[in-house]
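# Coordinates in review
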Amino acid sequence: MDLSDARLDPDRYPTDPWRLVEVDYRPEELGRNETLFSVANGYVGLRGNLEEGRDAHQHGTFINGFHETWEIKHAEDAFGFARVGQTIVNVPDAKLIKLYVDDEPLLLTYGDLYDYERSLDFRDGTLRRTLVWRTPSGKRVRVTSSRMVSFEHRHLALMTFEVEMLDGSAPVVISSQLLNRQDGEDEYHVPSAALGEGQDPRQAERFEHRVLQPQLQRRSGERVVLGYRCANSGMTLACSFHHVVSSDAEVRISTEARPDVAKTVINGALGEGQKLTLTKYVAYHSSRGVPSSELADRCERTLDRAMNAGVEALRDQQRAWLDEYWSRSDAEIEGRPELQQALRWNLFHLAQATGRTQEGVAAKGLTGDGYGGHFFWDTEIYVMPFLTYTAPRVARSLLHFRYRMLDYARRRARELNQVGALYPWRTISGEEASAYYAAGTAQYHINADVIYALDQYVRISGDREFLFHEGAEMFVETARLWEDLGFYELGSEERFHIHGVTGPDEYTTVVNDNLFTNVMARFNLRRAAEVLHELDEVDGTQHRLLVKRVGLRDGEIEAWRRAAEAMHVPYDERQGIHPQDVQFLDRERWDLSGETKRPLLLHYHPLVIYRFQVLKQADVVLALFLQGEHFTMEEKQRDFEYYDRITTGDSSLSACVQSIVAAEVGYANLGLNYYLAALWVDLLDTHKNTSDGVHVASTGGVWSALVFGFGGLRDWGGVLRFDPRLPQGWDAISFRLTKLGTRVKVRVARDEMSFEVEVGESIEVEVRGEPYTVKAGEVTVVELDGHGPVLVEKAGMGIDLPEPDRH
């Protein structure tokens, strides 16, 4: 499929490089747009539901890591299966603000609307909406609202709602609520906008019991606090609101609080030209066990500080936070405003998924409950590179989160009869929550993925303190797992094999010597040995403490080195490619040329899929990128050509990786097409499940494909090396990278590449093998002779992607 002309309909979604704008409301797009217009800060997230609470695909308010647990019931049980399911909880909804004029409710689906506009501003992180409604009695009313989740104040959300009578007069009622939807029913649910529950494994589980058990209700004036405890997980929550009302008409205000709903109702009679304005301060606090009463006190303090600051100060702080974010994270595609808008939407949602997290990053961020709010390897491979280069503080926090999970990982390894630690395939609490082990627990590669992100972070940030105090322990325990899991070929000390694992491709499971797993395990083993040697040389005291803490035995480090050097890397001499696993080429190839049932996982039994050479996502190709220094350009080209023909792209994790390697080996058109597939995956809903939440890994992959693909960056060994591949027809791209505290702006044009230090003194780079020192106050310009080889696609390459929704 050619995506070169893909874009949002400019008549309905005007192009704006700093905003996503909607000027034509259509209820059939509720699900997608609730996701696209979400606001979040990495701790709390609010789906882009309508303020009125009517007409919704799925209401959603989420707190990172706040989950309920449930017993996984296996139809046929076995030792070591995951026992405890975990699902993110839909916490009480503060977005709900109902409007009645002449006792008629504002319902966007049925209302007579004029001058409608909704926008999500990437510069100040605010969702705004303005419309003119002609009521059934013929009176015109302007309704203006805003919604913001604060980046500066982690637990705070701020909303405004203004009603103005443009002609005539009428009684006006606003009912602003805090509603527990988790244990109730979504009002005015729109069946035509929703997927059938239970049909898609990518959706969240549904609870059969009451989840949020009421613990307290407080009311003081226009302030209410509600407290809850999760029935099984024991996690606790408090949520609160405080209203400030202003009007040039006389109004009456009443507030009430019940276990599952709190509301403030404002009654007034507005004459022509008069306004009624509501400001709603909202706070959320959660914990793994702190009493709700303590969390309620924290909510009140959050509200007090916010109200003392005032709306304008809070907005200024939000703008300042995002100004700083964009100064180190912005990337540009020059001369392509529609692509620039899409790129910044992706980068903005990266901020919303990670900005204030102290937990992990869920597959859907905080924009939906897809995948149950679980954390996967997506974070380390797709999101962490962006954070390492633009927000090292956040990257460190995510690695610390993995360190806190280490004891769970040790316990999981023991359950699977291994030593060391095995990180869970999918989790919230740290325990494995994947009930289907073949495509879940068997993906041992997550150990190496975590270590890859850790190693990249340390090399780029220079944070040896984290490496030696926490990271080294992670290196030790993951290396132990690999050395214990694998074995030497019978009668030989020369080949080390890893059997019974699943690689990134979930259409091929429980195989022997998966290439991706083996080369990443090799990296993990080598670096673990090197890190402990470095620690011994740099800080003998810390080294001794580590040895004692983990019980390091004589000979362990040498065993890691020996396993790494003997690691079997499958290669087929006859076809000149690396098989995905040792049996892969023995299977029948799936002819995708006429395949219309997509994604395959929703139309074919796993056993059918497992019998074929067919990929859900890039597997060997991902290894070619992450461990690219160990493959020749010729090997990369042959491997890419082979696997591109049988990769469905059913996973949103695939297109960005295929883009990077296609650009590197010379398939420029494919590289661009795959990049556009990743860029538009949510905005054009190409996988038909954007309604479940943003594909956060893909948003990170969009940045990586621009920087590592078109920018040609490789950072093997911590050295910034560039071999750019600017797409044909593009004028230039630019992006920012921070290494060892120095931020440099990189610009790639058709005939030159330039570097400019924005923060710091100087930085060393290489361009096509030539070293350069970029100094502060100077622009270093490097002339380019083309953008690499240009290859013509071969038959069967460029698998058709799902048709995008081009509304």
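These numbers were taken from a predicted model, which means no experiment stands behind them. (Residues numbered from 1 in each chain as written. Predicted model: local features only at pLDDT ≥ 70, side-chain atom pairs only at ≥ 80, totals over all residues. Heavy atoms only, no water.)

## Concerning the pairing of strand E14 (residues 212-220)
Let me state the cut-off plainly: By definition, two strands form a pair when at least two bridges between them are found by DSSP. A helix here means a DSSP run of H or I that spans at least four residues, while a strand means a run of E at least two residues long, and both kinds are numbered starting from the N terminus.
Summarising the sheet, E14 and strand E15 (residues 223-230) pair through 8 bridges and their orientation is antiparallel. Residue pairing in the sheet places Ser-220 in a bridge with Arg-223 of E15.

## Structural notes on the pattern of salt bridges
The following threshold applies: Whenever Lys or Arg places a side-chain nitrogen within 4 Å of a carboxyl oxygen from Asp or Glu, that contact is recorded as a salt bridge. Three labels apply to residues, based on accessible area from a 1.4 Å probe with only protein chains included: buried if under 20% of the type maximum, exposed if over 50%, partly exposed otherwise in between.
The full count for this structure, using the stated rule, is 64 salt bridges. As a salt-bridge pair, Arg-298 and Glu-294 come within 3.0 Å of each other at their nearest N and O atoms. Here Arg-298 pairs with Glu-294, and both are found in helix H2 (residues 292-309), just 4 residues apart, close to one helical turn. Two residues, Arg-344 and Asp-330, come together in a salt bridge whose shortest N-O distance is 3.0 Å. A residue pair is termed long-range when its members are at least 10 positions apart, and Arg-344 in helix H4 (residues 337-354) and Asp-330 in the loop between helix H3 (311-329) and strand E20 (331-334) qualify at 14 residues. Residue Asp-330 is classed as buried on the basis of its relative accessible area, which comes to 6%. Residues participating in the shared-partner salt-bridge network are Asp-407, Arg-410, Glu-473, Glu-477, Arg-480, Arg-549, Arg-553 and Glu-556.

## Structural notes on the side chain of Asp-715
What counts is decided by this rule: In this tally, Lys and Arg are treated as positive and Asp and Glu as negative; His is ignored, and so are the chain termini. Each polar contact in these results corresponds to two N or O atoms within 3.5 Å; when the atoms are within protein, one needs to be able to donate a hydrogen and the other to accept it, and residues that are neighboring in sequence are counted only if both atoms are side-chain atoms.
Note on placement: Asp-715 falls in the loop between strand E25 (713-714) and strand E26 (720-722). Despite being buried, Asp-715 has no salt bridge partner; Arg-721 is the closest side chain of opposite charge, sitting 7.3 Å away. A distance of 2.9 Å separates a polar atom in the side chain of Asp-715 from a polar atom in the side chain of Gln-456.

## Details of the side chain of Ser-286
What counts, and what does not: Contact definition: two residues touch when any of their heavy atoms are within 4.5 Å.
In this fold, Ser-286 is placed in strand E19 (residues 275-287). In contact with Ser-286, other than residues within four places in its own chain, are Tyr-43, Ile-63, Phe-66, Thr-236, Leu-237 and Leu-295.

## Notes on the sheet that holds strand E32 (residues 779-783)
Filter applied, for reference: Note on geometry: axes are C-alpha line fits, over the in-contact stretch for helices, and angles between N-to-C directions span 0 to 180 degrees.
Pairing is antiparallel across the open sheet formed by 5 strands, whose spatial order is E20-E27-E28-E29-E32. Edge positions in the sheet fall to E20 and E32, since each of these pairs with one other strand and no more. Ignoring which end each strand starts from, the neighbouring axes of this sheet average 20 degrees apart. Sheet analysis places strand E27 (residues 732-739) next to strand E28 (residues 742-749), joined by 8 bridges and oriented antiparallel. Bridging across to E28, Thr-738 finds its partner in Arg-743.

## A few points about the sheet that holds strand E2 (residues 39-40)
The antiparallel open sheet is built from 3 strands, whose spatial order is E2-E3-E4. Both outer strands of the open sheet, E2 and strand E4 (61-63), are each paired with one neighbouring strand and no more. Two strands pair when backbone bridges link them, and strand E3 (residues 44-46) and E4 are joined in this way by 3 bridges, in the antiparallel orientation. When the bridges of E4 are listed, Leu-46 appears paired with Thr-61.

## A few points about unusual backbone geometry
Looking along the chain, the bond that leaves Arg-598 and enters Pro-599 is cis, with omega of -10 degrees. Residue placement: Pro-599 occurs in the loop between strand E23 (588-589) and helix H13 (606-610). One non-glycine residue, Asn-417, adopts positive backbone phi at about 65 degrees. For Asn-417, the position within the fold is in the loop between helix H7 (406-415) and helix H8 (446-461). One non-glycine residue with positive phi stands out, namely Leu-740, at about 50 degrees. One can find Leu-740 in the loop between E27 and E28.

## Considerations on the environment of Ala-559
Looking at the secondary structure, you find Ala-559 in helix H12 (residues 556-566). Spatially, the C-alpha atoms of Ala-559 and His-578 are 26 Å apart, while their sequence positions differ by 19 residues. In this structure, Ala-559 is in contact with Glu-483 and Tyr-488, ignoring residues within four places of it in sequence.

## Side note on the pairing of E32
Only one face of E32 is covered, namely the one carrying Thr-780 and Val-782; the face carrying Val-779, Val-781 and Glu-783 has none of its residues buried. In the sheet, strand E29 (residues 752-759) pairs with E32 via 5 bridges, with the strands oriented antiparallel. When the bridges of E32 are listed, Glu-756 appears paired with Val-779.

## Details of the nonpolar core
Keep this limit in mind: Nonpolar cores are built from buried Ala, Val, Leu, Ile, Met, Phe, Trp, Tyr and Cys residues. Side-chain atoms within 4.5 Å join them into one set.
Counting residues in each nonpolar core, the largest one holds 197 residues, and the members touching the most others are Tyr-675 and Phe-722. Dropping the residues within four chain positions of it, Tyr-675 is found in contact with Ile-333, Leu-343, Ser-659, Val-702, Ala-705, Leu-706, Phe-710 and Trp-730. Ranked by size, the runner-up nonpolar core spans 24 residues in total, among them Leu-131, Trp-133, Val-172 and Ile-266.

## Concerning the environment of Met-307
Mapped onto the elements, Met-307 comes out in helix H2. With a relative accessible area of 26%, Met-307 lands in the partly exposed category. Taking the C-alpha atoms as reference points, Met-307 and His-242, separated by 65 residues in sequence, lie 8.9 Å from one another. The residues contacting Met-307, other than those within four sequence positions of it, are Arg-223, His-242, Val-244 and Tyr-281.

## Brief notes about the packing of helix H16 (residues 654-665) against helix H17 (residues 668-679)
Packed helices, taken two at a time, are described by the angle between their axes plus the distance between the axes. Cut-off, in case you're wondering: Note on terminology: angles under 35 degrees are roughly parallel, angles over 145 are roughly antiparallel, angles of 65 to 115 are roughly perpendicular, and the others are oblique. Crossings are assigned a handedness: left-handed for a near helix turned anticlockwise from the far helix by less than a right angle, right-handed for a clockwise turn.
Where H16 meets H17, the closest approach of the two axes is 8 Å, and the angle between their N-to-C directions is 160 degrees. As the angle between them shows, H16 and H17 are arranged roughly antiparallel. H16 and H17 meet at a crossing whose hand is left-handed. Judged by residue contacts, Ala-655, Cys-656, Gln-658, Ser-659, Ala-662 and Ala-663 of H16 engage Ala-668, Leu-670, Gly-671, Tyr-674, Tyr-675, Ala-677 and Ala-678 from H17.

## Points about empty space enclosed by the protein
Note the threshold: Cavities and pockets are found on a 1 Å grid laid over the protein atoms alone: a cavity is a set of points where a 1.4 Å probe fits but cannot escape, a pocket is an open set with protein on both sides within 12 Å along at least five of seven lines, and a lining residue has an atom within 4 Å of such a point. Grid points are joined across faces, edges and corners, and a volume is the space filled by probe spheres set on the points. Asp, Glu, Lys and Arg are counted as charged, while Ala, Val, Leu, Ile, Met, Phe, Trp, Tyr, Cys and Pro are counted as nonpolar; the rest, among them Gly, fall into the polar class.
Per the stated rule, a full pass over the model turns up 6 cavities of 30 Å³ or more. The calculated volume of the second largest cavity comes to roughly 90 Å³. What lines the second largest cavity is Ile-381, Pro-385, Tyr-452, Gln-456, Phe-625, Leu-626, Ser-704, Phe-708, Leu-713, Arg-714, Asp-715 and Trp-716. Mapped onto the lining of the second largest cavity, the elements with two or more residues apiece are helix H5 (378-390), H8, helix H14 (620-626), helix H18 (696-710) and E25. When grouped by side-chain class, the residues that make up the lining of the second largest cavity number 8 nonpolar, 2 polar and 2 charged.

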